[in-house]
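Per-entry structural report
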Amino acid sequence: MTAHLQNNTTTNTIAISVVVPLYNEEATIPELYTRLTNSIQAITNNYELIWVNDGSADDTLGQMKKYAAQDSHIKYISFSRNFGHQSAISAGIENAIGNAVVIIDGDLQDPPEVIADLYAKFNEGYHVVYAKRAKRDGETWFKKYTAKTFYRVLKNITSIDIPVDTGDFRIISKEIKQHLTAMDEKNKFIRGQIAWLGYKQTFIEYDRHERQLGETKFTVRKMIRFALDGITSFSNFPLQIATFLGFFFSVIAFLVILYALYSKFILNEVVNGWTSIMVATMFLGGVQLLCVGIIGEYISRIANDVKKRPSFIIEENNLDN
Ligand code: UDP
Ligand code: MG
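One structure accompanies this document, and this report is about it. (Residues numbered from 1 in each chain as written. Chains lettered and ligands numbered in written order. Predicted model: local features only at pLDDT ≥ 70, side-chain atom pairs only at ≥ 80, totals over all residues. Heavy atoms only, no water.)

1. Overview of the overall build of the protein
- Regarding its fold elements, the protein presents 11 helices and 8 strands.
- Taking 2.2 N^0.38 as the reference for a compact globule, 321 residues should give roughly 20 Å; the C-alpha atoms of the protein span a radius of gyration of 26 Å, well beyond that estimate.
- Sorting the 321 residues of the protein into buried and exposed places 45% on the buried side.
- Taking the contacts inside the protein whose residues are at least 6 apart along the sequence as the reference set, 81% of them involve residues at least 24 apart.
- Of the accessible surface of the protein, which amounts to about 17400 Å², a share of 59% is contributed by carbon and sulfur atoms. (Helix = DSSP H or I, 4+ residues; strand = E, 2+ residues; numbered from the N terminus. Rg over C-alpha atoms; globule rule 2.2 N^0.38 Å. Buried < 20%, exposed > 50% of the residue type's maximum accessible area, 1.4 Å probe, protein only. Contact = heavy atoms within 4.5 Å. Areas by Shrake-Rupley, 256 points an atom, 1.4 Å probe, with all protein chains shown as cover.)

2. So, the site of ligand 1
- Near ligand 1 lie 19 residues; those nearest to it are Glu25, Asp54, Asp107, Thr216 and Lys217.
- A distance of 2.9 Å separates an oxygen atom of ligand 1 from a polar atom in the backbone of Tyr23.
- Within the side chain of Glu25, one N or O atom sits 2.6 Å away from an oxygen atom of ligand 1.
- When ligand 1 sits alone it has 530 Å² of accessible area, and the protein chains cover 95% of it.
- Considering only residue class, the shell around ligand 1 consists of 4 nonpolar, 6 polar and 9 charged. (Near = heavy atom within 4 Å. Polar contact = N/O pair within 3.5 Å; in protein donor to acceptor, adjacent residues only side chain to side chain. Nonpolar A, V, L, I, M, F, W, Y, C, P; charged D, E, K, R; others polar.)

3. Quick word on the pattern of salt bridges
- Applying the stated criterion across every chain, the model contains 6 salt bridges.
- Residue Glu31 pairs with Arg35 through a salt bridge whose shortest N-O separation is 3.0 Å. With Glu31 and Arg35 both in helix H2 (residues 29-41) and 4 residues apart, this pair spans about one turn of that helix.
- On the basis of relative accessible area, Glu31 is assigned to the partly exposed category, the value being 30%.
- Among the salt bridges present, the one from Glu113 reaches Arg35, with a minimum N-O distance of 2.9 Å. (Salt bridge = Lys/Arg side-chain N within 4 Å of Asp/Glu carboxyl O.)

4. A word on the side chain of Asp229
- Locating Asp229 in the fold gives a position in helix H9 (residues 220-234).
- The buried category is assigned to Asp229, whose relative accessible area is 8%.
- Polar side-chain contacts of Asp229 include one of 3.3 Å to the side chain of Asn187.
- Setting aside residues no more than four positions away along its own chain, Asp229 makes contact with Asn187, Lys188 and Arg301.

5. Quick notes on the nonpolar core
- Among the nonpolar cores identified, the biggest contains 35 residues, and Val18, Leu36, Trp51 and Phe169 are the most heavily contacted of them.
- It is H2 that provides the largest number of residues to this core, a total of 5 residues.
- Excluding residues that lie within four positions of it along the chain, Val18 makes contacts with Leu36, Ile40, Glu48, Leu49, Ile50, Val102 and Ile104.
- Counting 23 residues, the second-largest nonpolar core is a separate cluster that includes Ile50, Ile89, Ile93 and Ile172. (Core = buried A, V, L, I, M, F, W, Y, C linked by side-chain atoms within 4.5 Å.)

Okay, here's the thing in structure tokens:
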């Protein structure tokens, strides 16, 4: 009886929660399970693996249930449809009860073996230790180049220090978890939100490997959305460009108006002005549409936040087991 109670108290304080978003990853799950379990068990026995099924069309959920039935460390959360990587991570983080929470991709591109290094650094007293990609193997030139450019642009136009070449692979403290959960924005950009929170943050470097099974779930469209979420959540720079363009062309327009009046009333020239009118109209039309578009990107996100819809719907889970 006493032994049982003791056992219970130790398992009740979870040292590490590992959050894994999974979307159509049935092929990876067996290896993921083994490598995650081995890596964490080398650190502690008091852990939970939180697998979030982001509306997979394959047997990802079936696999999750199979492993959960064998191993009580496994918690799963299953969405009613695909809500996206950031929402999947959010659901996992919200439901994590560990003293430290690890976020890791489920395709084994973030090696589970690195968790030990993250945890060691975390125990030196940091609230966030993120894993920085020293090397990116096996990704297309396009992906590497666009990612690199995006991180540099973002860094330059935001006032907070969002780390470059870093995904969501990291370990965070309970405090960070609580603040993050309280941030109610709908278009989430978690790595930015964590940077925004402050506290003592640091990083370790690792080599990112090629995806071995399955293929990337990020279409170009999803990548663009994500990049725009990051920029609009953390920078008003695009709006400032709109203002700048507005000012710049107003000044030019004013000069042109003066010239037009001058030629009509002083020079008495009848200007044959078709070309200039066309050029000005087209050009101003373009600039105006661009600016309206930029404003639209912000407004659509404000609209999302005002609607206060949840970021995800959980259809089933085993969190209470
Ligand atoms: N993922 C997800 N929902 C999505 C897209 C991706 O949960 O809508 C998961 C995916 O299963 C993987 C992780 O997020 O575990 C990273 O996705 P992926 O490897 O496709 O992204 P990439 O490494 O190509 O940036
Ligand atoms: Mg990947």
